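Results of the structural survey
Listed below, chain by chain, are the residues.
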Amino acid sequence: MTDVNRPPGERIGGWTRLVTARPRLSLLVALLFTALAVVAGSGVADRLSGGGWEDPASQSSYATKALEKHFPASQPNLILLVDGGGRGVDDPAVATEARALVKKLTGEKAVTGVTSYWDTGASALRSKDRGEALIAARVTGDETAAGKTLERIAPDLRGRHGPVEVSVGGPLAVKQEMQTTIQEDLLRAEMMALPVTLVLLVMVFGSAVAALLPLGIGVIAILGTDAVLRVLTEFTDVSVFAQNLTTALGLGLAIDYALFIVRRFREELSAGGETLPAVAATLRTAGRTVLFSALTVAVSLAAMMVFPQYFLRSFAYAGIAVVLIAAAAALVVLPAALMLLGDRVNKWDLTRLLRRRRTGAGAEGAADATEPGAGWGRFARLVMRRAPVFALATVAGLVALGLPFLRVEFGTADDRQLPSGAESHVVQQHIRDGFAGGPGGGVEILAEGRPGAAALADYSAKVSALPGVLRVDGPAGPFADGRRLGKPGPAEAARAAGGAAYLSVQPKGEAVEPATQDLVRDIRAQSPPFRTSVTGTAAVLVDTKESLGDRVPWAGAIIIAVTLLLVFLLTGSLLIPLQAVLLNALSLTAMFGAMVWVFQEGHLSGPLAFTSSGDIETTLPVLMFCVAFGLSMDYGVFLLSRIKEEYERSGDHEAAVEFGLRRTGGLITAAALILAVVMVAIGTSRVTNTKMLGLGIALAVLMDAMVVRSLLVPAVMKLTGRATWWAPGPLRRLHARFGLSEGESAPSTPSSADSSGGPAGEADADAGPGKKEERRRDRVSIR
């Protein structure tokens, strides 16, 4: 049969011809791409960075870099905790061994600004019980170079040295240990998620052959994205946390897309279609939906590009790459594989015995009860009969779950992200508990423009008088916070005299509490006769919050505007895009509420094995919103596409809502469960931010699939009725020209939908007992 003579639902489009003309060649190209990706992406983990939370254009970033360059002792990134072993740090044997360690550090070319308690006698470098003291230094070079230096020298520094026990800590050690922990946790998460995912896919599909296809697409997406990240590290910094998103989205979205396409292909085959027309119908329907879904997810992730923090930008890089590669593999590789498999996609049915027991005997009524999706259809009718009750109760419940977020406190990531037994965490906790002044608690002021001694003294006095200041230490005095330790040497004093100086302000409170942030703002409000720049943990937090606050509206506007446009192009409705945005936002309330109740307030810190710092890292809510919103739109597009398809065919609004939920309820639930498994595996990480990311998004995905898509969407669409599909004339004409949806080209009115020529087997899905019996015997549909 020529393409011209085929029925409309079986016509072969140009894309189908392209991807199915030589399926073996397509698979060979995919295999070569995967092999090249393995080579190109090798070693990517070693090139990723552990920071990226600061705005590089902020005042605090400028001051930090300037202090690192001119006053390295003011910015130590390596701290050695020396335990006197009961003798006390003033014991001669302990002092001798400590000075030997100082000499060893000073002899390293990549280490500068070495200072210690035994050189300075500064009380800030000695614990209150005199049992421990500190050696501080600056490891030079960028993050990668400094990390390699630490890896080389740390084994010789840590451990037993005569009468003392040495532990390695400091910001550099925290970053290195975090990076190593994340890599180990990611490998473990992959080993956990893959077999569980395969079991779930077999349960969903029945066929082991069909179950392996989504995993293959996921592997291609993950390896391809690793290669992209490896290339990006040549040009920009990429956060180590981005690899977690690569694994989660690579498996999750690839499985979502493959589930949708393979399910539709088997549905077309079960209706009596041949392989090529079935692939064509699948790409024309499910393929279009996958394309729209990928675009919506990619846009949500791309919105993070507006932020200057490379922590967020890295997730945009990884997310966009993995979404596009997963969609491309689903739309190119998968059709080729389905062409070669044909009806063999149903081979190795591992659930046949269970299905026979379930449906082996019974009357016609019992058989009808097992019709694929029948339970979802009855559930949709129940929800629509009580639409106001379900809508109000669901909205009230979701809002209540989100209320804890009103108590959110923002902070910065520190050593407490690591497990309590991690060496760098132990060191920082000892400093936090046993030393005068906590690690990272000070505020640094860089003074430039050749400030004179008298002007500096006057400025120091004014800063000392500010509320919340414990004391101010000048260029020649001791430093009292646990990160800027010791006092500058002669070379630094010369630099101070030559044109720049710095002051260290010790606040009365904790490093990032609101009072310390207010102190940063008060210091910046001063007007001395020279240029000043303020940095320190609290200053970085203030700048980060301001940077995010300035750009969050832009990111939100991008997500909302593009989502509205894409959903309009899919549905042609004015109301449905607005509903999609609002309902998606509601689906995230439980995630944000749990973020505060669990991780900030620490209610489940014991069972989940993490240390609560009493705040939420500032950039994490932005990241989780963008990722979870995109995934929610993923499921929303799946559901809306089937509702729209049926509405175009029948013109019956309520029947279309029921049809959409009946056909996709099981599919969306299965996809959400599988993605949740992947995210929970990521959530087993020992790093708190990664744990929060994985468990939070898993919760958001499950709430969206099982509450919003199952309860709120049908209830709201029932309440809005046929007005759901209304659009003004200009927008209707715009959609008629540019809009896309599942099925053939959309008719202009519901009354003409019967001539739309839907895909084979779809238009008569509910027509007559014969078709019902055929559908009831369908072995391959999602239940």
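Below is a short write-up of the structure. (Residues numbered from 1 in each chain as written. Predicted model: local features only at pLDDT ≥ 70, side-chain atom pairs only at ≥ 80, totals over all residues. Heavy atoms only, no water.)

**Topic: the overall build of the protein**
Broken down by element type, the protein carries 28 helices and 13 strands. Counting the 783 residues in the protein, one finds 57% classified as buried. For the protein, restricting intrachain contacts to residue pairs at least 6 apart in sequence, the fraction spanning at least 24 positions comes to 81%. Accessible area for the protein stands at about 30,400 Å²; split by element, carbon and sulfur atoms hold 61% of it. (Helix = DSSP H or I, 4+ residues; strand = E, 2+ residues; numbered from the N terminus. Buried < 20%, exposed > 50% of the residue type's maximum accessible area, 1.4 Å probe, protein only. Contact = heavy atoms within 4.5 Å. Areas by Shrake-Rupley, 256 points an atom, 1.4 Å probe, with all protein chains shown as cover.)

**Re the environment of Ala298**
The residue Ala298 is located in helix H10 (residues 275-302) in this model. On the basis of relative accessibility, which here comes to 10%, the residue Ala298 falls in the buried class. Ala298 sits 328 residues away from Cys626 along the chain, and the two C-alpha atoms are 9.7 Å apart. In this structure, Ala298 is in contact with Ile320 and Val323, ignoring residues within four places of it in sequence.

**Topic: the sheet that holds strand S8 (residues 469-473)**
Strands sit in the order S8-S11-S7-S12 across an open sheet of four strands; the sheet is antiparallel. The strands lining the two open edges of the sheet, one partner per strand, are S8 and strand S12 (531-536). Strand after strand, the sheet turns through a mean of 20° between neighbouring axes, direction not considered. Here strand S7 (residues 443-448) pairs with S12 via six bridges, running antiparallel. The residue bridging Glu444 from the neighbouring strand is Thr535, located in S12. Sheet strands in contact with helix H17 (residues 453-464) are S7, S8, strand S11 (500-507) and S12, and its direction is about 165° off that of S8. (Pairing = 2+ DSSP bridges. Axes fitted to C-alpha atoms, helices over the stretch in contact; angles between N-to-C directions.)

**Brief notes about unusual backbone geometry**
Even without being glycine, Arg130 reaches a positive phi, approximately 60°. The topology assignment puts Arg130 in the loop between helix H5 (117-120) and strand S3 (132-139). Its relative accessible area of 40% is what places Arg130 among the partly exposed residues. You will see that Ala609, though not glycine, has its phi angle at about 55°, which is positive. Position of Ala609 relative to the elements: it lies in the loop between helix H23 (605-608) and strand S13 (616-617).

**A closer look at the environment of Asp518**
If you trace the backbone, Asp518 turns up in helix H19 (residues 514-524). When the C-alpha positions of Asp518 and Ala538 are compared, they lie 9.0 Å apart, and in sequence the two are 20 residues distant. At 3.0 Å, the side chain of Asp518 forms a polar contact with the side chain of Arg521. (Polar contact = N/O pair within 3.5 Å; in protein donor to acceptor, adjacent residues only side chain to side chain.)

**So, the environment of Val713**
Tracing the chain through its elements places Val713 in helix H26 (residues 688-720). With a relative accessible area of 6%, Val713 lands in the buried category. Apart from residues lying up to four places away in sequence, Val713 is in contact with Leu583, Leu639 and Val708.

**Quick notes on the sheet that holds strand S2 (residues 111-116)**
Strand order across the open sheet formed by five strands is S2-S3-S1-S5-S4, with antiparallel pairing between neighbours. On the outer flanks of this sheet lie S2 and strand S4 (159-161), each paired with one strand and no other. The sheet shows a mean angle of 25° between the axes of neighbouring strands, taken without regard to direction. Sheet strands in contact with helix H16 (residues 423-434) are strand S1 (78-83), S3 and strand S5 (164-169), and its direction is about 105° off that of S5.

**Brief notes about the pattern of salt bridges**
Applying the stated criterion across every chain, the model contains 28 salt bridges. When the shortest N-O distance is used, the salt bridge between Asp185 and Arg188 registers 2.9 Å. With Asp185 and Arg188 both in helix H7 (residues 171-205) and three residues apart, the pair spans about one turn of that helix. Look at Arg188 and you get partly exposed, because its relative accessible area is 31%. Between Glu645 and Arg264 there is a salt bridge; the shortest N-O distance is 3.2 Å. Here the residue Glu645 occupies a position in helix H24 (residues 620-650), and Arg264 occupies one in helix H9 (residues 242-270), the gap between them amounting to 381 residues. For Arg264, a relative accessible area of 2% translates into the label buried. Sharing partners across several salt bridges, the network here consists of Arg263, Arg264, Glu267, Glu268, Arg642, Glu645 and Arg663. (Salt bridge = Lys/Arg side-chain N within 4 Å of Asp/Glu carboxyl O.)

**Here we look at a nonpolar patch on the surface**
There is a patch of nonpolar side chains on the surface, built from Leu25, Leu28, Val29, Leu31 and Leu32 and spanning about 470 Å² of accessible area. For Leu25, the position within the fold is in helix H2 (residues 23-41). (Patch = residues over 30% accessible without salt bridge, like charges linked within 9 Å, V, L, I, M, F, W, Y side chains within 5 Å.)

**With respect to the nonpolar core**
As a rule of thumb, nonpolar side chains are buried together in soluble globular proteins. Counting 156 residues, the largest nonpolar core has Phe241, Tyr257, Leu259, Met304, Val323 and Leu623 as its most contacted members. The biggest single contributor to this core is helix H11 (residues 310-341), with 18 residues. Not counting residues within four places of it along the chain, the set of residues in contact with Val323 comprises Leu253, Tyr257, Ala294, Val297, Ala298 and Leu301. (Core = buried A, V, L, I, M, F, W, Y, C linked by side-chain atoms within 4.5 Å.)

**Comments concerning the packing of H9 against H10**
Viewed as axis vectors pointing N to C, H9 and H10 meet at an angle of 155°, and their least axial separation amounts to 8 Å. Here H10 runs roughly antiparallel to H9, going by the angle between their axes. Between H9 and H10 lies a crossing of right-handed hand. Classifying every residue of the contact of H9 with H10 gives 15 nonpolar, five polar and two charged. (Parallel < 35°, antiparallel > 145°, perpendicular 65-115°, else oblique. Left-handed = near helix turned anticlockwise from the far one by under 90°. Nonpolar A, V, L, I, M, F, W, Y, C, P; charged D, E, K, R; others polar.)

**Some details on the packing of helix H22 (residues 589-600) against H24**
Their axes nearest at 11 Å, the elements H22 and H24 cross at an angle of 155°. Judged by the angle between their axes, H22 and H24 are roughly antiparallel. As for how H22 packs across H24, the hand of that crossing is right-handed. Every residue of H24 that contacts H22 at Met591, Phe592 and Met595 is listed here: Pro621, Met624, Phe625 and Ala628. The residue makeup of the contact of H22 with H24, split by class, is seven nonpolar, no polar and no charged.

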